[in-house]
Amino acid sequence: MALIRTEKVCKNFGELSVLTDIDVAVEPKEVVCIIGPSGAGKSTFLRSLNQLERITSGKIYIDEKLFLHRENNVTVFQQNSAEYKRLLLEMGMVFQSFNLFPHRTALQNIILAPVNVQKKARAQAEEEARELLAKVGLSEKADEYPARLSGGQQQRLAIARALAMQPKIMLFDEPTSALDPELVGEVLQVMKQLAESGMTMLVVTHEMGFARDVADRIIFMCDGMVAEEGEPSELFTNPKNPRTKQFLNSIL
Amino acid sequence: MADNLETESGSKNKPKAKTAAEPAAKARRRRLALYIVLGLLALAVLILALTRPSGEKVVGEISQPLIDKAGSNYSQQYYNYLAFSIARGKNVRSAESDTHIGFAGRTFAVNAGAAAVAANVLCWLPALINGTRITISLTVTAVCAGVFLSVFLALGKISRRKLLSRICSGYIFFFRGTPLLMQLFFIYYGLPQISPALAINNKFLAAFVTFTLNSAAYCAEIIRAAIQSIDKGQFEASRALGMSYGQTMRLVVIPQSIRRLIPPVANEFIMVLKDASLVSIIALTDLTFQTRNISSSSASALVYVPAMIIYLIITAIFTYIFNRMEKRFSIYT
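Values in this document were obtained by computation on a predicted structure and should not be read as measured data.

**A few points about the interface of chain B and chain A**
Turning to step 1, where the next piece is worked out: Contact with chain B, which involves 26 residues of that partner, is made by 34 residues of chain A.
Turning to step 2, where the next piece is worked out: For the chain B and chain A pair, buried surface summed over both sides reaches about 2,600 Å², with 58% attributable to carbon and sulfur atoms.
Turning to step 3, where the next piece is worked out: Across the chain B-chain A interface, the total number found is one salt bridge.
Turning to step 4, where the next piece is worked out: Here A:Arg47 ties to B:Glu236 by a salt bridge, and the two come within 2.6 Å at their closest N and O atoms.

**A short note on the environment of B:Asp286**
Residue and element names in this part refer to chain B.
Turning to step 1, where the next piece is worked out: As for its placement among the helices and strands, Asp-286 is situated in the loop between α9 (245–275) and α10 (287–297).
Turning to step 2, where the next piece is worked out: We classify Asp-286 as buried; its relative accessible area is 1%.
Turning to step 3, where the next piece is worked out: As for Asp-286 and Ile-230, which are separated by 56 residues in sequence, their C-alpha atoms are 39 Å apart.
Turning to step 4, where the next piece is worked out: Setting aside anything within four residues of it in sequence, one finds Asp-286 in contact with Gly-131, Ile-134, Thr-135, Ala-276, Ser-277, Val-279, Ser-280 and Tyr-311.
Turning to step 5, where the next piece is worked out: A distance of 2.9 Å separates a polar side-chain atom of Asp-286 from the backbone nitrogen of Phe-289.

**Description of the pattern of salt bridges**
Turning to step 1, where the next piece is worked out: Across all of its chains, the model carries 19 salt bridges over all chains by this definition.
Turning to step 2, where the next piece is worked out: Here A:Lys168 makes a salt bridge to A:Asp63, at a shortest N to O gap of 3.1 Å. Of this pair, A:Lys168 sits in the loop between α5 (151–163) and β9 (169–173) while A:Asp63 sits in the loop between β5 (57–62) and β6 (65–71), placing them 105 residues apart in sequence.
Turning to step 3, where the next piece is worked out: Measuring nitrogen to oxygen at the nearest pair gives 3.2 Å for the salt bridge that ties B:Glu221 to B:Arg224. Linking B:Glu221 with B:Arg224, this pair stays in helix α7 (residues 203–228), spanning three residues, or about one helical turn.
Turning to step 4, where the next piece is worked out: Each of A:Asp63, A:Lys65, A:Glu83, A:Arg86, A:Glu90 and A:Lys168 takes part in salt bridges that share partners, so that together they form one network.

**Re the pairing of strand β11 (residues 217–222) of chain A**
Residues and elements named next belong to chain A.
Turning to step 1, where the next piece is worked out: Where burial is concerned, most of β11 is hidden: six out of the six residues are buried.
Turning to step 2, where the next piece is worked out: Going residue by residue along β11, you find Arg-217, Ile-219 and Met-221 tucked away on one face and Ile-218, Phe-220 and Cys-222 tucked away on the opposite face as well.
Turning to step 3, where the next piece is worked out: With four bridges connecting them, strand β4 (residues 31–35) and β11 associate as parallel partners. Bridge assignment links Val-32 to a residue of β11, and that residue is Arg-217.
Turning to step 4, where the next piece is worked out: With five bridges connecting them, β11 and strand β12 (residues 225–230) associate as antiparallel partners.

**So, a nonpolar patch on the surface**
Residues and elements named next belong to chain B.
Turning to step 1, where the next piece is worked out: Residues Val-117, Leu-302, Val-305, Ile-309, Ile-313, Ile-317, Tyr-320, Ile-321, Met-325 and Phe-329 make up a contiguous nonpolar surface patch of roughly 850 Å² in combined accessible area.
Turning to step 2, where the next piece is worked out: Per-element tally for the nonpolar patch: the top contributor is helix α11 (residues 304–329), with eight residues.
Turning to step 3, where the next piece is worked out: With respect to the element layout, Ile-317 can be found in helix α11.
Turning to step 4, where the next piece is worked out: Using a relative accessible area of 47% as the deciding quantity, one classes Ile-317 as partly exposed.

**Structural notes on the side chain of A:His69**
All names here are of chain A.
Turning to step 1, where the next piece is worked out: With respect to the element layout, His-69 can be found in strand β6.
Turning to step 2, where the next piece is worked out: Here His-69 falls in the buried class, since its relative accessible area comes to 14%.
Turning to step 3, where the next piece is worked out: Within the local environment of His-69, its side chain forms a polar contact with the side chain of Glu-71, the two groups lying 3.0 Å apart.
Turning to step 4, where the next piece is worked out: The contacts of His-69, once residues within four sequence positions are left out, are Gly-58, Lys-59, Val-74, Thr-75, Val-76 and Phe-77.

**Let's talk about the packing of helix α4 (residues 113–157) of chain B against α11(B)**
All names here are of chain B.
Turning to step 1, where the next piece is worked out: The geometry of α4 relative to α11 is characterised by a closest axis approach of 10 Å and an angle of 40° between their N-to-C directions. Viewed along their axes, α4 and α11 adopt a mutual orientation that is oblique. Seen along the crossing, α4 lies across α11 with a hand that is right-handed. Where α4 abuts α11, its residues Val-121, Trp-124, Leu-128, Thr-132, Thr-135, Ile-136 and Val-140 lie against Pro-306, Ala-307, Ile-310, Tyr-311, Ile-314 and Phe-318.

**What about the nonpolar core?**
Looking at soluble globular proteins, one finds that nonpolar side chains tend to be buried together.
Turning to step 1, where the next piece is worked out: Judged by nonpolar contacts, the single largest core of 53 residues is most densely connected at A:Phe45, A:Leu49, A:Leu202 and B:Met243.
Turning to step 2, where the next piece is worked out: With six residues, the top contributor of residues to this core is α9(B).
Turning to step 3, where the next piece is worked out: Beyond its immediate chain neighbours, meaning those up to four positions away, B:Met243 contacts A:Phe101, A:Leu112, A:Ala113, A:Val117, B:Ser238, B:Thr248, B:Leu251 and B:Val252.
Turning to step 4, where the next piece is worked out: Of all hydrophobic cores here, the second largest spans 52 residues; its members include A:Ala158, A:Ala160, A:Phe172 and A:Leu183.

**Observations concerning α7(B)**
Turning to step 1, where the next piece is worked out: The end-to-end C-alpha separation of α7(B) is 37 Å, in line with the 38 Å expected for 26 residues at 1.5 Å each.
Turning to step 2, where the next piece is worked out: Two or three places before B:Phe204, at the start of α7(B), stands the capping residue B:Asn202, its side-chain oxygen 2.8 Å from that residue's backbone nitrogen.

**Thoughts on the packing of α4(B) against α9(B)**
Residues and elements named next belong to chain B.
Turning to step 1, where the next piece is worked out: The contact between α4 and α9 brings their axes to 11 Å, and the two run at 145°. Crossing angle aside, the handedness with which α4 passes α9 is right-handed. Along the contact surface, α4 presents Thr-135, Thr-139, Val-140, Val-143, Val-147, Val-151 and Leu-155, while α9 presents Met-249, Ile-254, Val-265, Phe-269, Val-272 and Leu-273.

Conventions adopted
Residues numbered from 1 in each chain as written. Chains lettered and ligands numbered in written order. Predicted model: local features only at pLDDT ≥ 70, side-chain atom pairs only at ≥ 80, totals over all residues. Heavy atoms only, no water. Contact = heavy atoms within 4.5 Å. Buried area = accessible area lost by both parts, 1.4 Å probe. Salt bridge = Lys/Arg side-chain N within 4 Å of Asp/Glu carboxyl O. Helix = DSSP H or I, 4+ residues; strand = E, 2+ residues; numbered from the N terminus. Buried < 20%, exposed > 50% of the residue type's maximum accessible area, 1.4 Å probe, protein only. Polar contact = N/O pair within 3.5 Å; in protein donor to acceptor, adjacent residues only side chain to side chain. Pairing = 2+ DSSP bridges. Patch = residues over 30% accessible without salt bridge, like charges linked within 9 Å, V, L, I, M, F, W, Y side chains within 5 Å. Areas by Shrake-Rupley, 256 points an atom, 1.4 Å probe, with all protein chains shown as cover. Axes fitted to C-alpha atoms, helices over the stretch in contact; angles between N-to-C directions. Parallel < 35°, antiparallel > 145°, perpendicular 65-115°, else oblique. Left-handed = near helix turned anticlockwise from the far one by under 90°. Core = buried A, V, L, I, M, F, W, Y, C linked by side-chain atoms within 4.5 Å. Expected span 1.5 Å × (residues − 1).

Listed below in structure tokens is the structure:
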């Protein structure tokens with residue numbers, strides 16, 4: 001039973017076709033990495049899953065429940081608003097540019113949504129936030145503003161913030177691309193721990209080392225299509241699609 | 001690994017703290033110097049206040065010939081300011097006058113020169129201060145109410161609801177596109193002609209309503225620009241966390257835009273402070289009205305100098321307050 005499944009998802013920006021017939025399914029506890037050259041539509045795909053972009057056509061299933069069905073930019077079916085919101089919150093998102101709330105401390109960043117969206121008691125939310133901060137190695141920084149944190153610390157805080165909503169699946173949109181090289185490791189470390197703890201993850205990344213070590217499955221996207229899909233050992237050592245071969249040669 | 005980096009960045013912070021301590025010590029010394037200066041000033045004021053001449057003594061100095069010659073056409077005023085006393089006798093018909101200043105227990109006759117100007121300025125002060133009170137209260141209340149109103153106007157203008165957005169845009173277009181003076185005339189003189197129920201008979205209230213409506217339009221543009229300058233990522237992060245549009249605005253966007261709002265709102269405040277001089281035309285006794293009044297009754301245009309200085313002082317004080325506010329709101333950057 002897939003946690004997220006897409007059927008023939010297409011996305012056009014005007015004439016420009018960014019995604020074409022994407023069929024992807026992510027099983028519970030699976031870690032899937034999406035790789036591919038820039039402009040392949042990886043980020044757009046991730047963003048259209050949690051509705052930061054509206055797809056042009058296709059179906060999105062969450063928990064095997066039809067979540068959204070659109071054809072030709074018209075919504076054919078969408079879950080009713082309460083269910084829509086609930087299913088949307090099963091996805092947590094980590095952005096390339098962190099997007100932390102600069103006017104709130106680390107702790108306040110984490111509890112903002114649980115307190116205001118899930119209506120959790122503040123004390124309970126704070127307690128959980130401190131646990132999350134400890135999990136990402138930021139216990140000492142609870143009362144710091146994001147501007148006082150390094151890039152790596154900010155991204156770890158963003159991960160904790162997304163986890164605070166207790167999502168079933170975490171979407172990572174190039175989480176290390178905006179970081180200085182020496183800070184990448186700490187973020188990948190946290191993501192690896194998260195994967196080991198059984199979180200379902202869909203990661204758009206350029207970190208091939210991480211993809212090879214942590215991912216259960218790799219999806220190679222190119223020109224808005226899924227060009228190849230397979231286990232990392234298979235895909236990295238023996239790519240079948242010539243485009244995959246070319247891409248891997250150019251970066252390794 | 002994460003923990004390693006944690007301690008490393010912790011130790012990096014230490015030298016920073018040392019350098020931060022130095023300006024702190026400097027600031028403490030500066031504050032001490034300020035207290036000493038203020039203390040000395042207070043002491044000087046106290047001494048001057050204790051040695052101040054009584055009003056009657058200064059009045060007594062006005063020359064008897066003037067009083068005799070003027071007879072029943074004689075008027076007398078006197079003012080006391082700490083160590084200063086001013087007494088002025090005037091022959092109303094011939095406008096011949098005799099002015100005496102008392103200072104620190106001594107009395108001087110001043111009918112010419114710089115001392116006479118100083119005496120005049122001191123005589124004008126009570127009226128100018130009354131006017132200042134109205135100018136400040138009009139400006140402060142109108143800008144506060146205007147900013148409050150403008151938040152809704154700005155949110156309305158960027159709203160996706162077409163009708164609401166059009167109405168708000170139209171409002172802003174109207175109030176920014178027509179002269180403030182005409183708006184004031186229309187609200188004070190025009191509304192009663194449309195319907196007596198709309199009449200605002202209190203001049204201050206009419207001015208308050210006009211200035212509020214007007215500065216709301218200007219502030220709405222400021223707030224709209226501040227909201228739209230917030231990074232798109234903030235909206236996306238809020239949405240990904242399940243916040244509604246209202247929650248995003250209230251919890252994330254507006255708090256962040258406040259700091260960016262302060263400099264242009266301060267600018268708007270100072271503009272309104274000066275535009276408030278227009279209310280003198282509907283005979284509201286603000287600072288400008290009082291100044292013009294004195295200028296025509298005493299036939300001295302010199303009164304504009306102290307009046308402008310008062311405007312400068314108000315501007316300086318509020319600029320200082322806004323700067324402090326800006327600093328307070330920038331703690332997180």
